[in-house]
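# Summary of structural features
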Amino acid sequence: MYENCTAIMQMTRMILKDGYFDDMPYKCSVIRYKQEEDCIYLLTEEKLSSFSLDGIYECRIETEKGTVACSGILRERYWNKLGNVIKFRIQNGFYKNPVN
């Protein structure tokens, strides 16, 4: 559904009180979207340590029909033969035409 689309990941909130808030947008590409698990697997060229497991992120996906966005948390960060992969768990479903 969203495979091979470009995505922008950006932290919107921290979970930990004294955590590091990074509002830098990171460009990724969608490897796989598992609707039954509400998870998106993303490939990034950034260092995996750039992504905090203690933050809430917005994921904006550029599709042929426009931009869709959702928010959630990162469940995993790992490296495999494709490269740096992050597993994003959707908490607030997709919405079209995000304001930002």
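Before any of the text, the structure's been laid out above.
Okay, so let's go over this structure. Computed from a predicted structure; not experimentally measured.

What follows covers the side chain of S50. Within the element layout of this structure, S50 appears in the loop between β3 (39-44) and β4 (55-63). Beyond its immediate sequence surroundings of up to four residues, S50 is in contact with D22, Y26 and Y57.

Turning our attention to unusual backbone geometry. Not every positive phi belongs to a glycine, and N4 is a case in point at roughly 70°. Phi at D38 takes a positive value of approximately 55°, unusual for a residue other than glycine. Along the chain, D38 turns up in the loop between β2 (26-34) and β3. A relative accessible area of 32% means that D38 is categorised as partly exposed.

Before going further, it helps to examine the packing of aromatic side chains. Each aromatic ring pair is specified by the distance between its two centres and by the angle formed by the two planes. Taken as a whole and assessed by the stated rule, the structure comprises three aromatic pairs. For the ring pair F51 and Y57, a centre distance of 6.4 Å and an interplane angle of 45° mean the geometry is tilted. Across this residue pair, the class does not change: F51 and Y57 are buried. One aromatic cluster is present, formed by Y26, F51 and Y57 through successive ring pairs. A cation sits over an aromatic face here: R32 above Y41, 4.7 Å from the ring centre.

Conventions adopted
- Sequence order as written defines residue numbering, which begins from 1 separately in each chain.
- In view of the model being predicted, local features appear only for residues whose pLDDT reaches at least 70, and side-chain atom pairs are presented and counted only at 80 or more, with totals across whole chains, interfaces and linings using the full set of residues.
- Side-chain numbers come from the whole structure's heavy atoms, not from hydrogens or water.
- Strands here are runs of E lasting at least two residues and helices are runs of H or I lasting at least four, both read from the DSSP assignment and numbered beginning at the N terminus.
- Only heavy atoms enter the contact rule, under which two residues are in contact if any of them lie within 4.5 Å.
- Buried, partly exposed and exposed residues are distinguished by accessible area as a fraction of the type maximum, computed with a 1.4 Å probe on protein chains only: under 20%, between the cut-offs, and over 50%, respectively.
- The criterion for an aromatic pair is that two Phe, Tyr or Trp rings (for Trp, the six-membered ring) have centres within 6.5 Å, with stacked assigned to planes under 30 degrees apart, edge-to-face to planes over 60 apart and tilted to the rest.
- For a ring to carry a charge above it, either NZ of a lysine or CZ of an arginine must fall within 6 Å of the ring centroid while also lying within 35 degrees of the normal to the ring plane.

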